[in-house]
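Chain and residue survey
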Amino acid sequence: MREERESSSRRAALVFNPTKATADQVRAAAVRLSAEAGWEPPLLLETTIDDPGQGVTAAALAAGVSAVMVAGGDGTVRAVAEAMRGSGVPLTIVPSGTGNLLARNLGLPLDNPERMITATFSGTTTSIDIGIADVERSDGTRSEHAFVVMAGIGMDAAMIANTRPKLKKQIGWM
């Protein structure tokens, strides 16, 4: 069990996708609500194309954060959950994507980022399962990938890989 620090020295990290329309709003709310809860200012960590969340989340965990918030779509949530696997640190999902499938499945509010951020400091935690796909490529190399909603191969994976971001924004959640 992870030993908790006193509330005055607790710190959260916000891992966020800067391309999402609500990124500025979520960052500002995380800073304000951390202060209101008596926590230290949060670490604000942006994802990139090269690091969709695993690296910055690992850095936050190494820094000893008490909680991690993730603001982005399902891909960002998946990457952060993968890095947090087995850490014992609570993860708060701040839905900011098009589909937000995990957030929908968990019944989280999709239109109120402040409510989810506040839950980081005063909410109850719920454990969920994380699946692991052990991938062996044709060249013999192997890698593990976590998933929290679903995993797809073949046509499903090709459809997701080939969906243009602009089209996702135009169509939105169906």
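Here the structure is shown first, and the text comes after it.
For the structure given in this document, a descriptive report is provided here. (Residues numbered from 1 in each chain as written. Predicted model: local features only at pLDDT ≥ 70, side-chain atom pairs only at ≥ 80, totals over all residues. Heavy atoms only, no water.)

What about the nonpolar core?
When a protein is soluble and globular, its nonpolar side chains tend to lie buried together. Our working rule: For our purposes a nonpolar core is just a set of buried Ala, Val, Leu, Ile, Met, Phe, Trp, Tyr and Cys residues, chained together by side-chain atoms within 4.5 Å. Only protein chains enter the accessibility calculation, which uses a 1.4 Å probe. A residue is then buried if its area is under 20% of the maximum for its type, exposed if over 50%, and partly exposed in between. Secondary structure is summarised from DSSP: a helix means a run of H or I of at least four residues, a strand means a run of E of at least two, and numbering begins at the N terminus for each.
By size, the foremost hydrophobic cluster in this structure holds 19 residues, and its most contacted members are L45, V65 and V68. Residue assignment for this core shows that the elements contributing at least two residues are β1 (12-16), β2 (43-46), α2 (54-62), β3 (67-72), α3 (74-84) and α4 (101-106). Here this core gets four residues from one element, more than from any other, and that element is α3.

Section: the sheet that holds β2
Put simply, the test is: Any two strands are treated as partners once DSSP identifies two or more bridges connecting them. Axis definition: a line fitted to C-alpha atoms, limited for helices to the stretch in contact. Angles are taken between N-to-C directions and run from 0 to 180 degrees. When checking whether two residues touch, look at their non-hydrogen atoms; a contact exists if any pair is within 4.5 Å.
Here four strands make up an open sheet; going across it, the order is β2-β1-β3-β4 and the pairing parallel. The outermost strands of the open sheet, each flanked by one partner alone, are β2 and β4 (91-95). Each neighbouring strand pair of the sheet contributes to a mean axis angle of 20 degrees, computed without reference to strand direction. Across four bridges, the pairing between β1 and β2 is parallel. Residue F16 lies in a different strand from β2, and its bridge partner there is E46. On the sheet, helix α1 (residues 23-36) packs against β1, β2, β3 and β4 and is oriented at approximately 180 degrees with respect to β1. The strands that helix α5 (residues 113-122) touches are β1, β3 and β4; relative to β4, the one it contacts most, it runs at about 175 degrees.

Notes on the packing of aromatic side chains
Note the cut-off: We call Phe, Tyr and Trp rings a pair once their centres come within 6.5 Å, taking the six-membered ring for Trp, and we label the pair stacked below 30 degrees between planes, edge-to-face above 60, and tilted otherwise.
Tallying each qualifying case throughout the model produces one aromatic pair. Between W39 and F121 the ring centres are 4.8 Å apart and the planes differ by 75 degrees, which places this aromatic pair in the edge-to-face class. With W39 in the loop between α1 and β2 and F121 in helix α5, this pair connects stretches of sequence that are 82 residues apart. Classification of W39 as buried rests on a relative accessible area of 7%. Accessibility expressed as a relative area gives 16% for F121, which makes it buried.

Everything listed is a geometric property; what it means functionally is a separate question.
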